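Chain residues, written in single-letter form:
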Amino acid sequence: MSAPVEVVLSADSAGQLFNCAVFDPHSGSEFLSYRGGNTSSRSLTVLNGEYILGAQLGKNFINVWEIQRKDQLQQKIVCPGIVTCLCASPDGLYVLAGIAEAIYLWEMSTGNLLAILSRHYQDVSCIRFTDDSSHFVSGGKDNLALIWNLSSVVQLDSSRTPEPCHILSRHSLPITDIHCGLMGPQARVATASLDQTVKVWEVSSGEMLLSVLFDVGIMSVTFDPCEYFLFCGGSDGNIFQVSLCSTSLSRDKTFQTDSDGNQVFKGHRNLVTCLSVSMDGTLLLSGSNDETVRMWDVQSKQCIWSINHKGHVTNAVIIPAPANMFLADSHPAVPLPRFSRHLNPSEQGDGTGSGGMCLRLGASTQHFGLKTTDFKPLKCNRQQKRTHFACF
Amino acid sequence: MKAKKQKRQGDFQKVQLKVGKKKPKADNATNVNFRSKAIHLPEQLKHVDSGPTKHRQLDIMDLLSKLHHINSNIKQGALVGLRELLSAQPSMIELHASAVLSEVAALFTDKDGSVRAAAVRLLRFITQCIPAERVVPFFPLLSAHLTCAMTHISEAIQEDALRVLDVLLEHYPGLLSQRHTVLLTNFLELISQKRKAATGQDKSGKGGFALTISTNRSVTAQQWRLTVLLRLGSFLQAVVEERPLDEGVTSSIGLGMWAGEKGSVTSVDVSWEEHVFGKGRIQVFENSGAVPTPHSAYRLRPDSKAGAGMNKELCSAETVQGFAGTLVPLLLEIWVEAAGGDHVQTDSGHLLSAEAMALMFQILTILQLLRRVSPHRDQKDILDAWFRNSYLADFKHHFMKNFPYGLLEVARHKKKADGKRIRQQVAAGTVAGGNVEPLALNVTLCQVMVTLSLRGQDHVEAEDADWLGTIRVFIRETLSNGGKLSSKHLAALLEVVWRMIVTQRSRVVTDDLLQAVYVQYQQRNLAVSVRSLLLCFFSQFYIQEHQNHPHIARSRILARWLASLPVQLVQLGSRNPQLSAQLLETIHPAAARGNKDLLQSLQKNACSIYDPQEGCVVVLPVESQKRLVQILHSLPAFPAELLACLSQVCNTGRVSASLATMLIRTIHLRSPLCGWSSSSQDVPVKDVDYLSFFFTTLTGFSSEMLQALQDTDEDSLLPSSILSPLSVFATTLEQFLHHWDIVEEVCHCLDTLGSRAQCFDVIQNAIIKNLCGLVVVPDCVCAAILRCVPRLLDVNFLPSDTLLHFLSDCCLSMLNLLLQLEQSAHKRDAVWEACFAALSTVPRLLRLVLQSFRVCDLCEEELPVLAQILSLLLQHTQLHLTVHTHIWLLMTAHIHFSFHFYGGETREQWLTDLLYCYSVTLFGHRANMGMRDIY
């Protein structure tokens with residue numbers, strides 16, 4: 001059997017059978033499962049294709065597995081508080097965790113805690129990176145969503161406290177989910193909220209582009225990769241599909257009545273908490289509080305398969321299959337450093353303890369336009385350095 | 001012969017004409033008794049083009065050519081004529097705009113005063129008629145002539161040039177502000193002249209210009225400067241306002257930003273229903289496009305087109321600095337003259353004459369405008385820093401010396417000559433745009449000075465302390481002396497307060513100033529605009545600055561203000577919905593951010609806010625109601641009383657059904673039973689309270705109301721009988737439907753709870769305890785119970801007998817009611833849906849219903865009803881499987897009916913129906929049996 005291109009990763013709140021498990025997106029058969037503890041909502045993330053990180057529900061630590069060693073818990077990262085959400089950057093260099101009202105930013109090469117951002121007034125409910133890791137968006141129970149520029153957050157200038165580049169304050173109730181589209185800093189972001197709306201924003205300007213009002217609170221949201229459709233998981237178990245590029249009233253469209261149910265995925269009986277679309281935009285994965293994970297065909301809106309879990313589904317996501325996942329004898333390229341618990345800027349200069357060196361943009365060199373190009377060499381350098389140190 | 005003669009005589013008889021007799025008419029006379037018609041032309045035909053297009057026989061070309069005449073009277077006459085002609089024929093203005101404008105503009109510099117005045121009048125008339133976009137091609141000419149007039153050697157022409165400027169500013173501010181490079185220099189030259197370079201006076205740091213004093217003007221030098229400065233002020237105002245608005249949300253500190261965020265992108269708003277039915281077509285990509293908005297923070301390549309060339313020069317800080325470097329020394333000189341010219345004695349230096357005050361006010365306004373000319377925030381900061389470095393010492397020395405200025409009471413009755421002077425001054429003053437209040441002057445002074453204080457540098461704070469202290473004292477006293485302030489002054493004062501608090505970063509200052517504002521806020525009988533301005537200040541101040549500055553976050557006054565908001569909301573009631581909405585705009589974010597003071601106060605007042613009778617949640621408009629429901633999300637705890645209130649709010653029908661469902665969902669989400677909020681240690685809604693809230697909402701009637709119903713006998717009460725064991729209280733259609741929507745939501749919420757068996761057990765107990773003993777039951781309660789029970793029923797759980805009997809009573813009464821309902825199909829459907837769901841889902845219920853028919857006890861009038869019910873049940877094939885198990889029941893009924901009626905002649909329609917249904921059912925049943933026998 002050839003290795004699948006994409007896999008489904010899901011976790012529930014009970015954790016009886018497994019903490020999280022990997023399924024085949026087409027048949028729903030289980031590939032792997034990772035044991036030990038359970039994972040809280042929106043806090044399961046894959047770091048660099050080599051580790052799985054999941055925040056323990058109601059406890060102040062993060063479980064880490066090496067992606068190929070499914071039975072053995074690699075380590076526990078102890079955090080200063082209960083982790084409410086967790087996200088690793090797509091380039092694998094940083095990890096963000098929402099701990100109560102604050103956002104903690106760790107650097108993966110050294111394990112240093114780079115920043116504690118406390119601009120939210122209430123618990124952070126969701127954090128997402130843009131696909132180029134240049135920005136991240138955080139949403140909280142204080143009805144605010146903040147767009148941050150990563151390079152301005154990590155810069156060495158410690159005299160200034162980092163500010164978000166945009167504050168999205170148009171929601172009137174807690175934000176439940178965020179989804180970042182593709183295209184890096186020019187991406188669009190969708191935010192879902194209990195105020196029964198889903199809003200689409202532009203990352204670069206912080207402008208709101210679209211607001212869709214539903215008759216139930218929305219618990220989860222996602223785009224398909226082309227951003228043709230917006231999928232919104234309601235608190236009544238329905239999944240609504242909003243077409244973002246409806247052609248103007250063309251001839252073939254008028255004959256086809258858009259009756260109710262044409263644009264709704266019906267099947268779940270409770271809050272739809274997670275949504276994810278496959279790479280080709282044909283499959284939609286949904287996880288719900290009715291303890292099932294369902295896979296849908298987007299075109300026909302039929303449920304292809306469903307898996308029963310033992311508790312509320314907390315995370316369900318379609319990810320590209322990591323290379324190491326099915327190779328039992330592989331090793332991560334970089335050992336996971338010890339995560340520091342305290343912000344300690346003085347330690348950052350020497351970098352002897354962790355065997356890495358910290359490169360960061362100074363305040364003066366920071367330029368919006370340069371940012372994406374700057375990061376590429378930085379990443380290469382760092383990875384070279386890492387592999388170098390790993391050889392020792 | 002004789003006869004011949006006679007005959008001849010007869011032939012040639014001579015007519016004797018006699019005097020006095022009428023002459024007989026000749027036979028061949030022409031009859032002139034006819035009339036002829038004619039076309040009368042009283043005047044000659046005129047030329048087609050002339051006529052109304054002429055003024056005193058002169059057409060427009062003649063008039064224009066007369067403008068070149070040497071005689072000024074003729075020129076003036078021609079101007080007047082042009083005006084009359086054009087006002088009679090407005091269509092001609094556009095036709096001849098270029099000719100007229102160029103000729104008129106040439107007369108700005110005419111040496112005769114009356115001609116110039118007439119030219120200005122004509123210009124004013126023309127500008128009213130031509131919109132700005134049509135004047136664009138002629139504007140260079142106009143402004144060239146204006147410049148010519150402004151720099152003219154004759155002073156009278158200069159003065160009149162300012163009138164022209166007024167007219168143009170009034171109608172074409174945008175066009176005029178593009179000419180700022182030329183005009184600003186012109187302004188300078190009006191009041192000053194270039195110093196000779198040789199004199200080398202630059203060492204004093206003053207600019208290259210010196211004030212001019214001319215003695216032969218009709219007005220004093222001060223008045224002249226005042227008029228010039230007034231124009232300069234309004235010109236700068238135009239420049240500021242007409243700037244292309246690409247700077248977006250420049251967060252300057254001022255009232256302008258209070259308007260909140262205004263996107264340059266118009267966002268698409270659709271609701272789900274519209275989208276589903278194809279009304280709300282969404283084109284997000286059309287909207288934002290592949291190109292990022294100009295609003296974007298990214299400048300990926302140098303933007304060559306930005307600013308459209310128009311205000312390019314004035315945008316940069318350097319140009320403003322260059323101009324200000326010349327202007328500010330002049331302004332300071334004028335200030336010194338105005339301050340010192342009147343009163344040399346120092347003791348009353350703060351008292352000023354009205355004219356000096358107007359002049360000073362104008363100076364300060366211009367300084368303020370200069371700062372605002374540059375649109376970008378970073379450049380504003382550069383400008384502020386530059387002003388501070390260059391002029392702080394001067395400003396401090398001159399402006400702050402006698403700071404709180406007052407109006408000098410001129411002794412009017414001293415001398416007659418004096419009186420004459422005053423009259424002159426008054427005349428000048430009216431020209432200068434009215435007298436200026438001392439308060440306005442002082443407030444503007446504060447505004448100008450405060451912009452010089454920089455934020456955040458500790459070493460600067462010490463040097464600034466003295467003059468900032470003075471300003472602080474002034475502001476505090478002005479705000480807290482109990483006087484009423486106009487909203488304009490108040491806005492300016494609040495702006496100063498904001499800036500001072502942000503820059504000074506001291507808790508003492510913050511509390512001191514906020515206290516003063518709070519005193520103002522607490523005054524009674526404030527005008528609504530003033531009240532909402534203060535409210536707006538506090539709320540924006542809280543929302544925007546709270547997080548960034550710890551000294552603001554710790555302010556006691558702000559905390560006290562926030563805590564007072566819920567009380568005010570309750571007190572305000574329904575008197576002023578706008579103000580209530582404004583209050584809610586602050587309460588909502590503050591509650592969402594978990595502000596402790598506010599939440600405590602909110603918790604304390606929650607019961608009165610959410611009171612079902614006169615609480616805000618029922619009396620305010622829909623938008624505010626919605627916000628109030630949303631605020632519930634952040635309320636720390638829901639005690640039982642509050643839940644009781646909320647339950648009644650849902651059911652009294654004073655909030656819409658959709659809002660009530662929102663409220664129910666909120667309570668559901670806040671409860672730990674819902675399983676959404678994961679990591680909260682505290683429990684906002686206790687499980688007991690949660691369930692009793694849902695049960696109360698489900699029934700829709702409190703226990704007292706139900707008790708009261710037992711004793712009433714109203715018309716709407718349907719009496720109980722064998723076929724309707726419960727006496728049904730029919731509610732209005734509206735109430736029934738409202739309740740129906742709510743029941744749907746309650747069922748949905750209860751449905752999603754974790755353990756269904758336990759949940760059903762609780763509901764069953766509640767029904768048995770509260771409802772089973774009742775004799776009179778409202779129909780909506782019956783329907784709700786019948787709907788709720790089958791939805792919550794777990795397959796493994798057997799309902800108790802008491803509940804089943806009650807359900808069968810309800811069901812029968814409802815079926816009975818169903819037959820009497822004609823008025824609303826909607827209600828009938830709802831009732832039938834509930835009955836049907838209960839009968840088909842709850843085990844043993846159908847049998848109980850059928851058993852309770854007791855056919856033998858029925859009187860004859862009730863038989864048709866029974867038959868109708870039976871046929872209704874028989875018609876629904878889903879019920880058949882259960883029905884056929886009770887076929888014996890039907891058999892007895894059949895026999896009974898046959899016994900009664902087969903003998904009679906008349907076969908009633910209902911009996912025919914019943915028999916038909918019965919035979920169909922029986923046949924289907926037999927067919928099934930037959931099939932089963934075969935296989």
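Residues numbered from 1 in each chain as written. Chains lettered and ligands numbered in written order. Predicted model: local features only at pLDDT ≥ 70, side-chain atom pairs only at ≥ 80, totals over all residues. Heavy atoms only, no water.

**Re helix H24 (residues 528-545) of chain B**
Note the threshold: Numbering goes from the N terminus for both helices and strands, where a helix is a DSSP run of H or I of at least four residues and a strand is a run of E of at least two. Helix span, as expected, comes to 1.5 Å for every residue beyond the first. For the exposure calls, accessible area comes from a 1.4 Å probe over protein chains only, and a residue counts as buried if that area is under 20% of its type's maximum, exposed if over 50%, partly exposed in between.
With 18 residues, H24 of chain B extends 25 Å between its outermost C-alpha atoms, agreeing within 8% with the 26 Å of an ideal straight helix rising 1.5 Å per residue. The buried fraction of H24 of chain B amounts to 14 of the 18 residues, a majority that puts the element mostly inside the structure.

**So, the sheet that holds strand S16 (residues 175-180) of chain A**
For clarity, the cut-off: Only when DSSP finds a minimum of two bridges between them are two strands counted as paired. Fitting a line to C-alpha atoms yields each axis, with helices limited to the stretch in contact; the angle taken between N-to-C directions then spans 0 to 180 degrees.
Spatial strand order, S16(A)-S17(A)-S18(A)-S19(A)-S3(B): 5 strands in an open sheet with mixed pairing. Every interior strand has two partners, whereas the edge strands, S16 of chain A together with strand S3 (268-271) of chain B, have only one. For this sheet the average axis-to-axis angle between neighbouring strands, irrespective of direction, equals 15°.

**With respect to the UniProt feature "repeat: WD" (unreviewed entry) in chain A**
All names here are of chain A. Applicable threshold: UniProt positions are given in the numbering used here, feature names are shortened, and annotations may be inferred rather than shown by experiment.
Mapped onto this numbering, the UniProt entry gives "repeat: WD" (unreviewed entry) at residues 117-158, 189-211 and 265-306. Across residues 189-211, the secondary structure splits into 0% helix and 65% strand, with the terminal C-alpha atoms separated by 12 Å. Measuring from the first to the last C-alpha atom of residues 265-306 gives 13 Å, for a span that is 0% helix and 57% strand.

**What to know about the side chain of Arg670 of chain B**
Residues and elements named next belong to chain B. The test is simple: Throughout this description, a polar contact denotes any pair of N or O atoms lying within 3.5 Å of each other; where both atoms belong to protein, one of them has to be capable of donating a hydrogen while the other can accept it, and for residues adjacent in sequence the pair is counted only when both atoms sit in side chains. A contact between two residues is defined here by any heavy atoms of the two lying within 4.5 Å.
Along the chain, Arg670 falls in helix H32 (residues 657-670). Arg670 gets classed as buried once you look at its relative accessible area, which sits at 15%. One polar contact links the side chain of Arg670 to the main-chain carbonyl oxygen of His633, over a distance of 2.6 Å. Sequence-distant contacts of Arg670, that is, excluding residues within four places in its chain, are made with Leu632, His633, Ser634, Leu635, Pro636, Phe638, Pro684 and Val685.

**So, the packing of helix H31 (residues 640-651) of chain B against H32 of chain B**
All names here are of chain B. In plain terms, the rule: Here the word oblique covers every angle except those under 35 degrees (roughly parallel), over 145 (roughly antiparallel) and from 65 to 115 (roughly perpendicular). Two helices cross in a left-handed way if the nearer one is turned anticlockwise from the farther one by less than a right angle. They cross in a right-handed way if the turn is clockwise. Three residue categories are used. Nonpolar comprises Ala, Val, Leu, Ile, Met, Phe, Trp, Tyr, Cys and Pro, charged comprises Asp, Glu, Lys and Arg, and polar comprises the others, including Gly.
Between H31 and H32, the shortest axis-to-axis distance is 9 Å and the interhelical angle comes to 150°. The angle between the axes of H31 and H32 places the two elements in the roughly antiparallel class. Considering the relative orientation of H31 and H32, their crossing is left-handed. Where H31 approaches H32, its residues Leu643, Leu646, Val649 and Cys650 are matched on the opposing element by Ala660, Leu663, Ile664 and Ile667. For the contact of H31 with H32, the residue count by class is 8 nonpolar, no polar and no charged.

**Side note on the pattern of salt bridges**
Residue and element names in this part refer to chain B. The criterion, for reference: We define a salt bridge as a side-chain nitrogen of Lys or Arg found within 4 Å of a carboxyl oxygen belonging to Asp or Glu.
Applying the stated criterion across every chain yields a total of 17 salt bridges over all chains. Arg116 is paired through a salt bridge with Asp160; the nearest N and O atoms lie 2.6 Å apart. Of this pair, Arg116 sits in helix H6 (residues 113-129) while Asp160 sits in helix H9 (residues 155-171), and the two are 44 residues apart along the sequence. For the pair formed by Arg116 and Asp160, the shared burial category is buried.

**Describing the sheet that holds strand S2 (residues 20-23) of chain A**
All names here are of chain A. Judged by pairing direction, the sheet is antiparallel, and its 4 strands sit side by side in the order S3-S2-S1-S28 without closing on themselves. Strand pairing shows two members of the sheet lacking a second neighbour, strand S3 (30-34) and strand S28 (313-320), which therefore form its edges. On average, each strand axis in the sheet is inclined to that of its neighbour by 20°, with strand direction left out of account. Relative to S3, S2 is paired through 4 bridges, and the arrangement is antiparallel.

**Let's talk about the nonpolar core**
All names here are of chain B. Note the cut-off: We define a nonpolar core as any set of buried Ala, Val, Leu, Ile, Met, Phe, Trp, Tyr and Cys residues linked to one another through side-chain atoms lying within 4.5 Å.
Residues Leu367, Phe387, Phe395, Ile471, Ile475, Tyr610 and Leu646 are the most contacted members of the largest nonpolar core, which totals 261 residues. At 13 residues, the largest contribution of residues to this core is made by helix H17 (residues 354-373). Look past the residues within four positions of Phe395 in its chain and what remains in contact with it is Val328, Leu332, Leu367, Met400, Val448, Met449 and Leu452.

**Focus on empty space enclosed by the protein**
Rules: Residues are called lining when one of their atoms sits within 4 Å of a cavity or pocket point, these points coming from a 1 Å grid over the protein atoms alone, where a cavity is a set in which a 1.4 Å probe fits but cannot get out and a pocket is an open set with protein on both sides within 12 Å along at least five of seven lines. Grid points are joined across faces, edges and corners, and a volume is the space filled by probe spheres set on the points. Start and end positions for the domains come from either an automated domain assignment or a database one.
Counted according to the given criterion, the structure contains 9 cavities of 30 Å³ or more. Computed from the structure, the largest cavity encloses a volume of approximately 170 Å³. Taken together, 18 residues line the largest cavity, and the ones lying closest to its centre are Gly217 and Ser235 of chain A together with Arg665, Thr666 and Leu669 of chain B. Per-element accounting of the lining of the largest cavity gives the leading share, 5 residues, to H32 of chain B. When its residues are assigned to classes, the lining of the largest cavity shows 6 nonpolar, 9 polar and 3 charged. When residues are assigned to domains, the lining of the largest cavity turns out to be shared by domain 2 (555-679) and domain 3 (700-853) of chain B, each giving three or more.

**Looking at the environment of Lys604 of chain B**
Mapped onto the elements of the fold, Lys604 of chain B is located in helix H28 (residues 596-609). Spatially, the C-alpha atom of Lys604 of chain B lies 36 Å from that of Ser271 of chain B, the residues being 333 residues apart in sequence.

**Overview of the confidence of the model for chain B**
All names here are of chain B. Our working definition: Confidence of the predictor in every single residue is expressed as pLDDT, which spans 0 to 100.
Put simply, chain B has an average pLDDT of 74, and 73% of its residues get 70 or more. Mean pLDDT per element in chain B: helix H19 (residues 416-431) is the minimum at 42, and helix H30 (residues 622-631) is the maximum at 90. Low pLDDT, under 50, characterises residues 300-313; the stretch is placed with 16 contacts to residues that sit more than four places away or in other chains. Below a pLDDT of 50 lies the segment residues 411-433, which in the model reaches 13 contacts outside its immediate sequence neighbourhood of four places, other chains included. Predicted complex, confidence summary: ipTM 0.81, pTM 0.75.

**Here's the deal with the packing of aromatic side chains**
Residue and element names in this part refer to chain B. Keep this limit in mind: When the centres of two rings from Phe, Tyr and Trp lie within 6.5 Å, Trp using its six-membered ring, the rings pair. Their planes under 30 degrees apart give stacked, over 60 give edge-to-face, and anything left gives tilted. The criterion is that NZ of a Lys, or CZ of an Arg, lies within 6 Å of the ring centre and within 35 degrees of the ring normal, and then a charge sits over that ring.
Tallied over the full model, the rule gives 26 aromatic pairs over all chains. Feature note: the residues Trp498, Tyr518, Tyr521, Phe537, Phe538, Phe541 and Trp561 constitute an aromatic cluster, connected by ring pairs. The ring of Trp740 carries the charged tip of Arg787 above its face, separated from the ring centre by 4.1 Å. Sitting over the ring of Phe736, Lys827 keeps its end group 4.9 Å from the ring centre.

**Some words on the state of the cysteines**
This is how it is decided: Pairs of cysteine sulfur atoms within 2.5 Å are what we label disulfides.
Enumeration over the complete set of coordinates arrives at 0 disulfides over all chains. Free cysteine: Cys85 of chain A, not disulfide-bonded; nearest cysteine sulfur from Cys126 of chain A at 6.3 Å. This cysteine, Cys747 of chain B, is not joined by any disulfide, and Cys788 of chain B carries the nearest cysteine sulfur, 4.4 Å off.

**Description of the pairing of strand S25 (residues 283-288) of chain A**
Residues and elements named next belong to chain A. Counting buried residues in S25 gives 6 out of 6 residues, a clear majority hidden from the surface. Burial along S25 is two-sided: the residues Leu283, Leu285 and Gly287 and Leu284, Ser286 and Ser288 are all buried. Note: strand S24 (residues 272-277) against S25, 5 bridges, orientation antiparallel. Considered in S25, the bridge of Leu275 is made with Ser286. Hairpin geometry of S24 and S25 is characterised by an intervening segment of 5 residues between the two adjacent antiparallel strands and by a positive phi of about 75° at Gly281. Relative to strand S26 (residues 292-297), S25 runs antiparallel, the two being bridged by 5 bridges. Opposite Leu283, over in S26, you have Asp297 as the bridge partner. Hairpin remark: S25 followed by S26, antiparallel, with 3 residues in the connecting loop; positive phi at Glu291, about 70°.

**Focus: the packing of helix H20 (residues 438-451) of chain B against helix H22 (residues 487-504) of chain B**
Residue and element names in this part refer to chain B. Contact pair H20 / H22: the axes reach a minimum separation of 9 Å and the direction vectors enclose 25°. Classified by the angle between their axes, H20 and H22 sit roughly parallel to one another. Crossing geometry of H20 relative to H22 is assigned as left-handed. Between H20 and H22, the contacting residues are Leu439, Ala440, Val443, Cys446, Gln447, Val450 and Thr451 on the first element and His489, Ala492, Leu493, Glu495, Val496, Arg499 and Met500 on the second. Among the residues forming the contact of H20 with H22, the class breakdown is 9 nonpolar, 3 polar and 2 charged.

**Let's talk about the side chain of Thr699 of chain B**
Counting through the fold element by element, Thr699 of chain B comes out in helix H33 (residues 687-699). Overall, Thr699 of chain B belongs to the buried group, its relative accessible area being 3%.

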